[in-house]
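A structural walkthrough
Listed below, chain by chain, are the residues.
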Amino acid sequence: MSADYQAYSPYQGGTADGLRDGRGRCTFANKFFSYDGEWYKGAMHGNGTLCLADGSEYTGSFQQGEMTGVGLRRWASGATYSGDFVGGEMHGKGTLVASDGSQYTGSFQQNCRVGPGLHISAAGDRYEGTWHANARDGVGTLCTVADGSVYRGEWSQ
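Presented here is a report on the structure given in the accompanying data block. Being a predicted model, the structure only gives us computed values, none of them experimental.

We now examine the overall build of the protein chain. Looking only at helices and strands, the protein chain features zero helices and 13 strands. Secondary structure elements in the protein chain, listed N-terminal to C-terminal, are β-β-β-β-β-β-β-β-β-β-β-β-β. The C-alpha radius of gyration computed for the protein chain amounts to 19 Å, which surpasses the reference 15 Å derived for 157 residues by more than 25%, pointing to a less compact arrangement than a globule. Across its three principal directions, the C-alpha atoms of the protein chain cover 65 × 25 × 20 Å. Relative to all contacts within the protein chain whose residues are 6 or more apart in sequence, the contacts with residues 24 or more apart total 7%. When the accessible surface of the protein chain is totalled, it reaches about 8500 Å², and 50% of it is carbon and sulfur. Side-chain charges of the protein chain comprise 12 positive and 16 negative groups, with the mean position of each set lying 3 Å from the other.

Okay, structure coming up:
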């Protein structure tokens with residue numbers, strides 16, 4: 001969440017050289033965001049919790065105002081992601097649980113499933129294999145609960 005950090009209202013916490021620094025809580029001027037956590041030279045930096053007015057939130061690491069590092073993102077829909085973030089996006093290893101209960105554990109790149117991963121559908125079907133741009137792509141195995149069938153082989157998006 002890159003932004004000009006001068007548009008805040010009210011801030012309670014530490015300062016250094018006139019900038020937010022140390023531990024503090026702030027509600028942004030647009031009132032859509034609030035942040036409680038560590039600051040460094042005026043930016044969210046370290047560990048903290050960013051809450052959004054729609055009921056979603058992120059708790060974890062920040063670097064220079066961006067969700068970067070390890071964290072937990074919860075959406076108002078009930079979906080969650082626990083894992084690595086870069087620049088506010090799911091990027092690296094993690095687990096995404098959708099609001100329907102399906103889940104994916106594996107690699108992400110810019111919010112997309114890529115590389116090796118395991119997806120378990122809400123019905124219990126399991127796909128383990130490679131992904132590209134959120135689609136099964138490459139070698140993988142699908143085990144279907146309803147009929148017990150198993151497919152092992154190549155997938156193309």
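Formed by 20 residues in total, the largest nonpolar core has its most connected members in Phe28, Tyr35, Trp39, Met44, Leu50 and Phe62. Contributions of two or more residues to this core are made by strand E2 (19-28), strand E3 (33-40), strand E4 (43-52), strand E5 (57-63), strand E7 (80-86), strand E9 (103-109) and strand E11 (126-132).

Turning to the pairing of E3, a few remarks are in order. Where E2 and E3 come together, six bridges link them in antiparallel fashion. Bridge pairing links Arg25 to Asp36 in E3. Between the antiparallel neighbours E2 and E3 lie four residues, among them Lys31 with a positive phi of about 65°. Judged from the seven bridges that link them, E3 and E4 form a sheet pairing that is antiparallel. When the sheet's bridge partners are listed, Tyr35 is paired in E4 with Leu50.

Parameters and conventions
Position numbers for residues count from 1 along each chain, tracking the sequence in the order it is written. Local features are withheld for residues below a pLDDT of 70 in this predicted model, meaning they are given only at 70 or higher, and side-chain atom pairs are given and counted only at 80 or more; totals for whole chains, interfaces and linings count all residues. Note: side-chain values were computed over all heavy atoms of the structure, leaving out hydrogens and water. Counting from the N terminus, the helices are the DSSP runs of H or I reaching at least four residues and the strands are the DSSP runs of E reaching at least two. Radius of gyration here uses only the C-alpha atoms, and the compact-globule reference equals 2.2 Å multiplied by the residue count raised to the power 0.38. Residues are treated as being in contact if the distance between any of their heavy atoms lies within 4.5 Å. To be clear on the numbers: accessible area is Shrake-Rupley with a 1.4 Å probe, and residue cover counts the displayed protein chains and nothing else. In this tally, Asp and Glu contribute negative charge and Lys and Arg positive charge; neither His nor the terminal groups of the chain are included. By convention, charge coordinates are those of NZ in Lys, CZ in Arg, CG in Asp, or CD in Glu. What makes a nonpolar core is a set of buried Ala, Val, Leu, Ile, Met, Phe, Trp, Tyr and Cys residues whose side-chain atoms join them at distances within 4.5 Å. Note on classification: 1.4 Å probe, protein chains only; a residue is buried when its accessible area is under 20% of the maximum for its type, exposed when over 50%, partly exposed between these limits. Strand pairing follows a simple DSSP-based rule, namely that at least 2 bridges must link the two strands.

Structural measurements only, silent on function.
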